[in-house]
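Okay, here's what each chain looks like letter by letter:
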Number of protein chains: 4
Amino acid sequence: MNLRPAPPLQVSDWINTPQPLDIGDFRGRILVIEAFQMLCPGCVAHGLPQAQRIAQFFPAEQVAVIGLHTVFEHHEVQGTRAALEAFAHEYRLSFPLGIDRQDGRLPATMSAYQMQGTPTLIVVDRDGMRRYQKFGQADDLAVGSIIGTLLGEPRRASQSGAAAPAGCDSNGCPVPAAS
Amino acid sequence: MNLRPAPPLQVSDWINTPQPLDIGDFRGRILVIEAFQMLCPGCVAHGLPQAQRIAQFFPAEQVAVIGLHTVFEHHEVQGTRAALEAFAHEYRLSFPLGIDRQDGRLPATMSAYQMQGTPTLIVVDRDGMRRYQKFGQADDLAVGSIIGTLLGEPRRASQSGAAAPAGCDSNGCPVPAAS
Amino acid sequence: MNLRPAPPLQVSDWINTPQPLDIGDFRGRILVIEAFQMLCPGCVAHGLPQAQRIAQFFPAEQVAVIGLHTVFEHHEVQGTRAALEAFAHEYRLSFPLGIDRQDGRLPATMSAYQMQGTPTLIVVDRDGMRRYQKFGQADDLAVGSIIGTLLGEPRRASQSGAAAPAGCDSNGCPVPAAS
Amino acid sequence: MNLRPAPPLQVSDWINTPQPLDIGDFRGRILVIEAFQMLCPGCVAHGLPQAQRIAQFFPAEQVAVIGLHTVFEHHEVQGTRAALEAFAHEYRLSFPLGIDRQDGRLPATMSAYQMQGTPTLIVVDRDGMRRYQKFGQADDLAVGSIIGTLLGEPRRASQSGAAAPAGCDSNGCPVPAAS
């Protein structure tokens, strides 16, 4: 997978976090995004338990985990904040959960990431680059391996050094103010 | 467990069946009732898959399986017919599913059976007697054993013979109208 | 499966029992025989754990479990008593284990039961009749069901009454000596 | 874990390889060593299947997997080459398997690595340094992570550059050729 900035999160509402989050908020940490639907059997049986294992296994200051509720069917049942709250309560999901913004046939973030369905696991490196995306069942050996590889990488100089354009983030690079 | 007639099903709505069902409709067959809630992790991970295995393993003319949606929390999310339909669709539940009638703190059938929570597995014999009830995780060896025992039992004479009062059902036997 | 007497056990050596055992010793109890080889992956992963679950779940006075080491390959490795003892020790097998008598291409009991391989699960009823035999992976619902059915059966009158010829066993009933 | 050269393999016999192997033979590849005993339940249920998953998941030119039969009990049963061959055949183990040399109370390699028992998983980096050692059940996320980290590492300059003693490996350091 080429180095591509992870598209911004287009989220209409969040639970389990005091404030909205975006890719840039996780700079310096590896970010795991678990895209799911609460009525998706593969998400409940495999994807979300794996996300919980990741959150428990890796130190939170190194690897962050968030869920993204990408509802593209049964909106009337699973589409509300109350539905997600009830689900998160029963399944003991304690990491931040965003509700992907409804926007046409597919939710906005789901479209931007060109996800094929749920569950989808996405791994973003410390510099905001999307490095892994897997629809369906990803096995722990594969996910552990990609996270391990990213953990071993140094941060790129261009991200922290003076030579980088100010304010570059996953949304792009603004033109520097004239000096 | 003593031989006690299984209380009637108090159901406000059904899916996967063209007409309402009650205990008496299963006379001559063993009836397995899986009481569940769609947001109950133990129901999704264990109870409902077990009910599906039972439905697949035993001949339908010998053993019937139904689900009972005993919603006692998160009513706004899981309490509608649409919610249950979406859930049944995604989880490929094809046996009849009744929505336990809301009636005070606990649903009506749940109260009548004195269930302690979900999942609860109930086995009713060919004569409408409740013979097994288990809250939580019942293992297949236990459930197979109770069903096997009931399959081996002859039907009681009083249930099929001419001497039986007309209209006996699981609630008892009414005095026949004077002729 | 028709009612056929279970053939006698032809065992060259036993462990976990102070004395040799045969079908007749289990009269009045249901007998589960797990035929296995210690180097058979399906036996180690599925058959023997299931036998242990059966031994734990059902009361010992109702259901007895024994293992039968039916070695038909790798004799030099798994064919000794010492090999079986080491295996039983490591796998915590505490029920009686018989070593099927080597006798030509296949062990003697394995031949007499016409087993197709290992693991094979056999269930013998209280009267010494073979009622179930399954090569490969038997699921708990099936095994529970057959045991439950047998538990629910009354013992046949001929087996316990005074009229029965002395010395009846699974091989048949000899004519009593003239008095 | 500090960077320590992995001690040499002290193996009395090999199967699944045409010639003896040692740590130095895997230079440039990550080496996973699964130390096991064929009668160890945790090895059969967890350790060896995990080693097989690793061998299947990672490209062989990047990650090598070998087994080490560290027999420290039941020598008369599991201590022979024939026993290991029969076991490897039945469990479809196709990676190289070494028999740890018997040497006092514990086998020689097991002692040198100070293993606490079986199963033990060891990961050696491309430069022959032991980087991970885990007795008991290691989960796939952990093992995937350490392998991923090592895969992401560049080979150390000191291993190939002029400043390092030529050809140092876990077996020792040969005198450099005169210039």
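Cut-off values and rules
- Residues numbered from 1 in each chain as written.
- Chains lettered and ligands numbered in written order.
- Predicted model: local features only at pLDDT ≥ 70, side-chain atom pairs only at ≥ 80, totals over all residues.
- Heavy atoms only, no water.
- Helix = DSSP H or I, 4+ residues; strand = E, 2+ residues; numbered from the N terminus.
- Buried < 20%, exposed > 50% of the residue type's maximum accessible area, 1.4 Å probe, protein only.
- Contact = heavy atoms within 4.5 Å.
- Axes fitted to C-alpha atoms, helices over the stretch in contact; angles between N-to-C directions.
- Parallel < 35°, antiparallel > 145°, perpendicular 65-115°, else oblique.
- Left-handed = near helix turned anticlockwise from the far one by under 90°.
- Disulfide = S-S within 2.5 Å.
- Least-squares fit on C-alpha atoms with pLDDT ≥ 70 in both.
- Pairing = 2+ DSSP bridges.
- Phe/Tyr/Trp six-rings, centres within 6.5 Å; stacked < 30°, edge-to-face > 60°.
- Buried area = accessible area lost by both parts, 1.4 Å probe.
- Polar contact = N/O pair within 3.5 Å; in protein donor to acceptor, adjacent residues only side chain to side chain.
- Nonpolar A, V, L, I, M, F, W, Y, C, P; charged D, E, K, R; others polar.
- Expected span 1.5 Å × (residues − 1).
- Bend = angle between axes of the 7 residues up to and from the residue.
- Salt bridge = Lys/Arg side-chain N within 4 Å of Asp/Glu carboxyl O.

## Some thoughts on the overall build of chain A
Line of reasoning, step 1. Summing up its helical and strand segments, chain A has six helices and seven strands in all.
Line of reasoning, step 2. Taken from the N to the C terminus, the helices and strands of chain A come in the order β-β-β-α-β-α-α-β-α-β-β-α-α.
Line of reasoning, step 3. Residue burial in chain A is summarised as follows: out of 179 residues, 51% are buried.
Line of reasoning, step 4. Within chain A, contacts between residues separated by at least 24 positions form 73% of all contacts whose residues are at least 6 apart in sequence.

## Some details on the side chain of C:Q78
All names here are of chain C.
Line of reasoning, step 1. Looking at the element boundaries, Q78 is found in helix α2 (residues 75-78).
Line of reasoning, step 2. Given the relative accessible area of 1%, Q78 is considered buried.
Line of reasoning, step 3. Sequence-distant contacts of Q78, that is, excluding residues within four places in its chain, are made with Q37, M38, L39, H69, V71, E73 and A83.

## Re the packing of helix α1 (residues 41-57) of chain A against helix α5 (residues 140-152) of chain A
Residue and element names in this part refer to chain A.
Line of reasoning, step 1. One can describe the packing of α1 onto α5 by two numbers: an axis separation of 12 Å at closest approach and a directional angle of 40°. Judged on the interaxial angle alone, α5 and α1 are oblique. Viewed along their axes, α1 and α5 form a crossing whose handedness is right-handed. Residue-level inspection shows Q50, R53 and I54 of α1 in contact with α5, the latter providing D140, V143 and I147.

## Concerning the state of the cysteines
Formally, a disulfide is one covalent bond, and it connects the sulfur atom of one cysteine to the sulfur atom of another.
Residues and elements named next belong to chain A.
Line of reasoning, step 1. Scanning the model with the defined rule gives four disulfides over all chains in all.
Line of reasoning, step 2. The residue that forms a disulfide with C40 is C43, at a sulfur-sulfur distance of 2.4 Å. Classification of the bridge connecting C40 and C43 rests on its S-S torsion, roughly 80°, and on that basis the disulfide is right-handed.
Line of reasoning, step 3. Of the residues examined, C40 reaches a relative accessible area of 8% and is grouped as buried.
Line of reasoning, step 4. Under the relative-accessibility criterion, C43 is labelled buried at 0%.

## Some thoughts on the relation of the copies chain B and chain C
Line of reasoning, step 1. The two copies are related by a screw motion: chain B maps onto chain C through a turn of 180° and a shift of 0.0 Å along the axis, at an RMSD of 0.0 Å. This pairing of chains is accounted for by a two-fold axis.
Line of reasoning, step 2. Here 100% of the interface residues in chain B have copies in chain C that are interface residues too; the copies meet face to matching face.

## Some remarks on the sheet that holds strand β1 (residues 4-5) of chain A
All names here are of chain A.
Line of reasoning, step 1. If you trace the seven strands from one edge of the open sheet to the other, you get β1-β7-β6-β3-β4-β5-β2, paired in mixed fashion. Every other strand in the sheet has two partners, leaving β1 and β2 (11-15) as the edge strands with one partner each.
Line of reasoning, step 2. Note: strand β3 (residues 30-36) against strand β4 (residues 63-69), seven bridges, orientation parallel. Bridging across to β4, L31 finds its partner in A64.

## What to know about unusual backbone geometry
Line of reasoning, step 1. Between A:T118 and A:P119 the backbone carries a cis peptide bond, its omega angle lying at -5°.
Line of reasoning, step 2. Position of A:P119 relative to the elements: it lies in the loop between α4 (108-112) and β6 (120-124).
Line of reasoning, step 3. Despite not being glycine, D:N16 has its phi angle at roughly 65°, a positive value.
Line of reasoning, step 4. Within the fold, D:N16 resides in the loop between β2 (11-15) and β3 (30-36).
Line of reasoning, step 5. Among the residues examined, D:N16 registers a relative accessible area of 39% and is labelled partly exposed.

## Focus: the packing of aromatic side chains
Line of reasoning, step 1. Applying the stated criterion across every chain, the model contains twelve aromatic pairs over all chains.
Line of reasoning, step 2. With centroids separated by 6.1 Å and ring planes inclined at 25°, the aromatic side chains of C:F36 and C:F87 adopt a geometry described as stacked. One end of the pair, C:F36, is in strand β3 (residues 30-36); the other, C:F87, is in helix α3 (residues 81-90), and 51 residues separate them in sequence.
Line of reasoning, step 3. Residue C:F87 is classed as buried on the basis of its relative accessible area of 1%.
Line of reasoning, step 4. Each residue in the set A:F36, A:F87 and A:Y91 is aromatic and connected to the rest through ring pairs, giving one cluster.

## Points about the interface of chain B and chain C
Line of reasoning, step 1. Contact residues are listed per partner, giving 15 residues for chain B and 15 residues for chain C.
Line of reasoning, step 2. Across the interface of chain B and chain C, roughly 1,100 Å² is buried in total on both sides, 77% from carbon and sulfur atoms.
Line of reasoning, step 3. On the chain B side of the contact with chain C, B:F57, B:L141 and B:S145 bury the most area, a combined 48% of that side's loss.
Line of reasoning, step 4. Joining chain B to chain C, the criterion identifies four residue pairs in polar contact (both at pLDDT 80 or more).
Line of reasoning, step 5. Counting residues per element, the side of chain B that touches chain C draws most heavily on helix α5 (residues 140-152) of chain B, at ten residues.
Line of reasoning, step 6. Looking at side-chain class alone, the side of chain B that touches chain C contains seven nonpolar, five polar and three charged residues.

## Focus: helix α1 (residues 41-57) of chain D
Residues and elements named next belong to chain D.
Line of reasoning, step 1. The end-to-end C-alpha separation of α1 is 24 Å, in line with the 24 Å expected for 17 residues at 1.5 Å each.
Line of reasoning, step 2. By the largest-angle criterion, G47 marks the main kink of α1, which is about 30°, and a proline, P49, follows within four residues.
Line of reasoning, step 3. Every buried residue of α1 is listed here: C43, V44, H46, G47, L48, Q50, A51 and I54.

## Thoughts on the interface of chain A and chain B
Line of reasoning, step 1. Across the contact, 16 residues belong to chain A and 16 residues belong to chain B.
Line of reasoning, step 2. Linking chain A with chain B are zero salt bridges.
Line of reasoning, step 3. Elements supplying a minimum of two residues to the side of chain A that touches chain B: α1, α2 (75-78) and α3 (81-90) of chain A.
Line of reasoning, step 4. Per-element accounting of the side of chain A that touches chain B gives the leading share, six residues, to α3(A).

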